[in-house]
Amino acid sequence: MSFPKLVVGNWKMHGSSVALMGLAELARSERPACDAALCVPYPLLSTAQSVLRATTLRWGAQDCSAHAGGAHTGEVSAELIARFGARYVIVGHHERRAGHAESDSVVVEKVRRVLAAGMTPIVCVGETAGERDDNETHSILRQQLLQLVRHFGRGLSAVIIVYQPVWTIGCGEAATPGLIDDTRAFIVHTLGYHAGLPAGSVRILYGGSVDRRNAGAILSRAGVDGVLVGAASLRPDDFIDICRAAARSANEGELAPLSG
Ligand code: PGA
């Protein structure tokens, strides 16, 4: 089984209603032939709902509260996000884990809230440069994934995992295809071994410095189900170009001769 390719834009603390309308306009005429979504800052969810519903793009948020509701000043619940028609919520992005001391158990709670609200969590995992240099990539990934496995087991098939090496975020240089293949295989193995999830039952994306130049090569790797795109998703032409690369690589996959 293979999933349609998915391109998710992470606007971080950028963007505006006007920028969203511009992208919606382009998406209306281009109609990207892949699954695609924009995760916008909370105040833009309402605009996303009104302007993106006429396009093939979906929308979502970049975080949510670990609480279901109540007296938590400044937090936004998954349920409230869902009321804006959002389909996705990014959870456990490095900028949340590192900048807001989010532990794996907080990530688990957030995933639980997103699922309960009927949306799809997009969970980021990945190692820092220091951990990579200490050859700890697999042990870090295992630790991040096992927390999820312990709480959700086979229910993880409702979750999207993004392998996002921290050292590639915003630096202009994506991970090499070899590393992407290796870590994807490790994630598949870990989910299979510990949660009994067969290969191909969880969508696994790559994130970190994806742009219009490298998207085609990354998306055409076997088993890369999509990409999480930061800076390039703020440039409408680039975002649509990346969606085109996703659609192309899906078609190439279908047309590829069967081996063996
Ligand atoms: P980048 O950001 O594409 O600008 O590296 C990706 C992300 O942090 O989600």
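Thresholds applied
- Residues numbered from 1 in each chain as written.
- Predicted model: local features only at pLDDT ≥ 70, side-chain atom pairs only at ≥ 80, totals over all residues.
- Heavy atoms only, no water.
- Axes fitted to C-alpha atoms, helices over the stretch in contact; angles between N-to-C directions.
- Helix = DSSP H or I, 4+ residues; strand = E, 2+ residues; numbered from the N terminus.
- Parallel < 35°, antiparallel > 145°, perpendicular 65-115°, else oblique.
- Left-handed = near helix turned anticlockwise from the far one by under 90°.
- Contact = heavy atoms within 4.5 Å.
- Nonpolar A, V, L, I, M, F, W, Y, C, P; charged D, E, K, R; others polar.
- Near = heavy atom within 4 Å.
- Polar contact = N/O pair within 3.5 Å; in protein donor to acceptor, adjacent residues only side chain to side chain.
- Areas by Shrake-Rupley, 256 points an atom, 1.4 Å probe, with all protein chains shown as cover.
- Core = buried A, V, L, I, M, F, W, Y, C linked by side-chain atoms within 4.5 Å.
- Buried < 20%, exposed > 50% of the residue type's maximum accessible area, 1.4 Å probe, protein only.
- Pairing = 2+ DSSP bridges.

Student: Explain the packing of helix α7 (residues 137–152) against helix α8 (residues 177–195) here, please?
Tutor: Helix-helix packing: each pair is described by the crossing angle between the helix axes and the interaxial distance. Contact pair α7 / α8: the axes reach a minimum separation of 10 Å and the direction vectors enclose 40 degrees. With respect to α8, the axis of α7 lies oblique. For the crossing formed where α7 meets α8, the hand is right-handed. On the side of α7, the interface is formed by T137, H138, L141, R142, L145, L146 and V149, while α8 contributes D182, T183, F186, I187, T190, L191, H194 and A195. Broken down by class, the residue content of the contact of α7 with α8 amounts to eight nonpolar, five polar and two charged.

Student: Just checking my understanding: could you explain the site of the ligand for this structure?
Tutor: Near the ligand you find 13 residues, and of these K12, H93, G170, S209 and G230 are the closest. Take Q164: an N or O atom from its side chain is 3.0 Å from an oxygen atom of the ligand. A distance of 2.8 Å is found between an oxygen atom of the ligand and a backbone nitrogen or oxygen belonging to S209. In isolation the ligand has 280 Å² of accessible area, and contact with the protein removes 96% of it. Grouping the amino acids of the shell around the ligand by side-chain chemistry returns four nonpolar, eight polar and one charged.

Student: Would you mind showing me how to read the nonpolar core here?
Tutor: One broad rule of soluble globular proteins: the nonpolar side chains tend to lie buried together. Within the largest apolar cluster, 68 residues are counted, with the highest numbers of intra-cluster contacts made by V7, L20, L52 and I81. If near-sequence neighbours (up to four positions away) are discounted, V7 is found in contact with C34, D35, A36, A37, V227, V229, F239, I242, C243 and A246. In terms of nonpolar packing, the next biggest core, distinct from the first, is built from 12 residues, V8, I122, V162 and L205 among them.

Student: In this structure, what is going on with the sheet that holds strand β6 (residues 160–163)? I would like to understand it.
Tutor: Strand order in the closed barrel formed by eight strands is β1-β2-β3-β4-β5-β6-β7-β8, and the pairing between neighbours is parallel. Geometrically, the sheet is characterised by an average inter-axis angle of 25 degrees between neighbouring strands, direction not taken into account. Judged from the three bridges that link them, β6 and strand β7 (residues 204–207) form a sheet pairing that is parallel. Residue pairing across strands places I161 opposite I204, the latter belonging to β7.

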